[in-house]
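# Coordinate inspection notes
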Amino acid sequence: MPPLRWTSPGQIAPIADDARLPQVWWQALPLDRACETVGTPQIAARLADLSMTCWGHLILGDVLPLVRFTDPAESALTPEHLGRDVVHKLFTGVLERLLEPPGERAPIGLASARADRPLPELINEVFAGLDDRQRSIARDRLYASQRATLDELAQRFSVTRERIRQIERDLRDDVDGWLASADAAPLVAHVSWLRGRLGSAVPAEELATAAPWHGTDLPSLQIPAWRFVRTLVGDYDLVDGWLVAGGADELREKTRQLFTDGPRPVREAVTLVAQLGVREDVAERWLVSVPNLRMLDGHVVAWPRSVNEKAEAVLAIAGGPLTPEEIQERIGEDYSLVGIRNQLTADERFLRVDRNKYGLTRWGGEQYLGIREMIGREIERAGGEASVNTVVANLTTRYDVSESSVRAYAGGPGFERTQRGFIRVAGHEQGDYQPRRDVSETRRCFRSRDGRWWHRVDVNAEHLRGSGSPLPTGFAAHLGMAPGGQLTASAPSGDVVISWHNQPTMGSIRPVLLEYGAQEGDHIFLTVSDGGELLTRFLQAALPSLPPLNRALHLIGYTAPVASEAEGIRLIGARIGLPDGSARDDVLGRLRDRGDREILAFLEGPS
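Residues numbered from 1 in each chain as written. Predicted model: local features only at pLDDT ≥ 70, side-chain atom pairs only at ≥ 80, totals over all residues. Heavy atoms only, no water.

## Considering the overall build of the protein
Across its full length, the protein carries 33 helices and 20 strands. A globule of 607 residues ought to have a C-alpha radius of gyration of about 25 Å, yet the protein, at 37 Å, is considerably larger. With respect to the three principal axes, the spread of C-alpha positions in the protein is 110 × 70 × 40 Å. When each of the 607 residues of the protein is scored for burial, the buried share is 47%. Counting only contacts in the protein whose residues sit at least 6 apart along the sequence, the fraction spanning at least 24 positions is 56%. Split by element, the accessible area of the protein, about 29500 Å² in all, is 48% carbon and sulfur. (Helix = DSSP H or I, 4+ residues; strand = E, 2+ residues; numbered from the N terminus. Rg over C-alpha atoms; globule rule 2.2 N^0.38 Å. Buried < 20%, exposed > 50% of the residue type's maximum accessible area, 1.4 Å probe, protein only. Contact = heavy atoms within 4.5 Å. Areas by Shrake-Rupley, 256 points an atom, 1.4 Å probe, with all protein chains shown as cover.)

## Some remarks on helix H24 (residues 371-381)
Taken residue by residue, H24 has Ile371, Arg372, Met374, Ile375, Gly376, Glu378 and Ile379 as its buried positions. For H24, the elements touching its buried residues are helix H25 (388-398), helix H26 (403-410), strand E11 (415-417), strand E12 (423-425) and strand E16 (486-489). A positive phi of about 95 degrees marks glycine 383, the residue just after H24.

## Considering the nonpolar core
Of all hydrophobic cores here, the largest spans 39 residues; its most connected members are Phe127, Tyr143, Leu187, Trp213 and Phe228. Within the residue set of this core, elements represented by two or more residues are helix H11 (119-127), helix H12 (132-142), helix H13 (150-157), helix H14 (161-179), helix H15 (185-198), helix H17 (225-230) and strand E5 (242-245). With six residues, H14 is the single largest residue contributor to this core. Within the second largest apolar cluster, 29 residues are counted, among which are Ala34, Ala48, Leu64 and Leu95. (Core = buried A, V, L, I, M, F, W, Y, C linked by side-chain atoms within 4.5 Å.)

## Comments concerning the packing of aromatic side chains
Using the criterion set out here, one finds seven aromatic pairs in the structure. Measuring from ring centre to ring centre gives 5.7 Å for phenylalanine 127 and tyrosine 143, while their planes differ by 75 degrees; the resulting arrangement is edge-to-face. Taken as a pair, phenylalanine 127 in helix H11 and tyrosine 143 in the loop between H12 and H13 lie far apart in primary sequence, 16 residues in all. Arranged with centres 5.6 Å apart and planes meeting at 80 degrees, the rings of phenylalanine 127 and phenylalanine 228 form a pair that is edge-to-face. On the criterion of sequence distance, the pair formed by phenylalanine 127 in helix H11 and phenylalanine 228 in helix H17 is long-range, its members being 101 residues apart. We classify phenylalanine 127 as buried; its relative accessible area is 2%. (Phe/Tyr/Trp six-rings, centres within 6.5 Å; stacked < 30°, edge-to-face > 60°.)

## Description of unusual backbone geometry
With phi around 60 degrees, glutamine 222 is a residue other than glycine that occupies positive phi space. With respect to the secondary-structure elements, glutamine 222 resides in the loop between strand E2 (217-218) and strand E3 (223-224). For glutamine 222, a relative accessible area of 62% corresponds to the exposed category. At aspartate 297, a residue that is not glycine, the phi angle is positive and equals roughly 50 degrees. Turning to its location among the elements, aspartate 297 is positioned in the loop between strand E7 (293-296) and strand E8 (299-302).

## Overview of the pattern of salt bridges
Tallying each qualifying case throughout the model produces 45 salt bridges. Between arginine 294 and glutamate 333 there is a salt bridge whose closest N-O contact spans 3.8 Å. Taken together, the residues span a long stretch of sequence, with arginine 294 in strand E7 and glutamate 333 in the loop between helix H22 (324-331) and helix H23 (337-346) at a distance of 39 residues. Taking the relative accessible area as the measure of exposure, arginine 294 reaches 23% and is therefore partly exposed. (Salt bridge = Lys/Arg side-chain N within 4 Å of Asp/Glu carboxyl O.)

## Some points on the packing of H25 against H26
As a packed pair, H25 and H26 sit with axes 9 Å apart at the nearest point and diverge in direction by 135 degrees. Here H25 is positioned oblique relative to H26, judged by the angle of their axes. In this structure, the crossing between H25 and H26 has a hand that is right-handed. Facing H25, whose interface residues are Val388, Asn389, Val391, Val392, Leu395 and Thr396, H26 presents Glu403, Val406 and Arg407. (Axes fitted to C-alpha atoms, helices over the stretch in contact; angles between N-to-C directions. Parallel < 35°, antiparallel > 145°, perpendicular 65-115°, else oblique. Left-handed = near helix turned anticlockwise from the far one by under 90°.)

Structure, rendered in structure tokens:
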């Protein structure tokens, strides 16, 4: 039974073990002794269960080759198709016939004629009598790695395509007839063994080395013998260097489904894939070859398209928080650090647990909100006021922050000293400030689908030199600021300070622009997360050749195609805070009130 040779004992044992038999009895005992001990029907039952569980994708003749001779029709079907009861009955019949005394045993039909001759000689003899045209069609079309077309062969021999097709069909029929003869019995037996050896997927090059004689040339065709054997192994597809039984797409999908619940250690993954019929010695190579799977740190993990899901997989394998830099390195693809950081901040699957570390929300734990916010949390826990030394000790112990930074924030805006020298949250509540214009009425401010409001900065020479720049009052108030306040937004390239004296002002964003390679005319959309991180999205200047509507959409950060002008107007309305379905005039009116003249110019055209 060939599959017993390449299936893991650990996979077989739960199904085949019997207290009356020794461990790994299928390797340790002759068949007759095993049947004598527990009964032939019981041995056949265990083999049938194995066939249904482990080898259901193989045809029955590959599982137990003798079935090809006792029950030819059923041998061409899979256990899944036949069902467990039929497989049990067929196996019982074969085993009982094998165990009959020699004088009573009926012939199974396996001829031994010419078995002493090397198989390459038997195969070569089949084609020795071909004429040049037949030989060329066999060599260059039937058994070629790159098959010649019917047209090429028809032109070569000055005949019609249909004539080539007829000769090809006759050759196939002759080979099939020979395979059904007694002379071909040794080769048929070898192919049955080979199917069991190959399993459900195997690197294609293994076919050439599966038997020593596979590399022997057939003089009559001038091809190696394995090319002919390749056509006999049955329903195998050659895909990306793999021979795959029953269709590569189906086996790949079954393989991917094994990892939908999360990463698995490689050893466990190999055992799971072996249950699909892939030999354990090639299982790792198969896993590497399957699209959307990846080997990572000793695990196999589903490898989806989005950077968010890849970051989730990396963290799940790590089992603990990582920095954005570590996540970027482990993903190992062309994702910018800024983009990864933005996704970690915006996606609810991730939790910022330290100044520069993220974990998975499902792990639980306390969210790190920035030094100012964490000081406020410590004060709240202490009942409204706390010793600066205690706050410093608690925060520097739990988080990667320096004592000097904590003390600087504790002595800055937002906190005040009590009579006994403790600190408390300052009595002025910045959130009570109401700007003259709401953020939805503020120029260059746009709402994304996740509900965040972003401000568009049109990059100019001053930004690139490192100068600060004003922020609209409505946007600063949306960030929770008020006159006299200050907000420090953290970024990988350094903190950006937003202060509000006469008007809100943002410090230099030159390091951010350098990271993106921004030039004059490009755009940066920015906002500040609840945790105090500066989030940015970069957009190059629109091409002048874009239609006016697309130029307008570009300025709100939308770059995908739209089906119609009405769709474009609807998108703009949603981005500036209008209800869905607002009329075109309402959208233009809001843009006019906000002062978005650049967008209006593209929508209204030249006056």
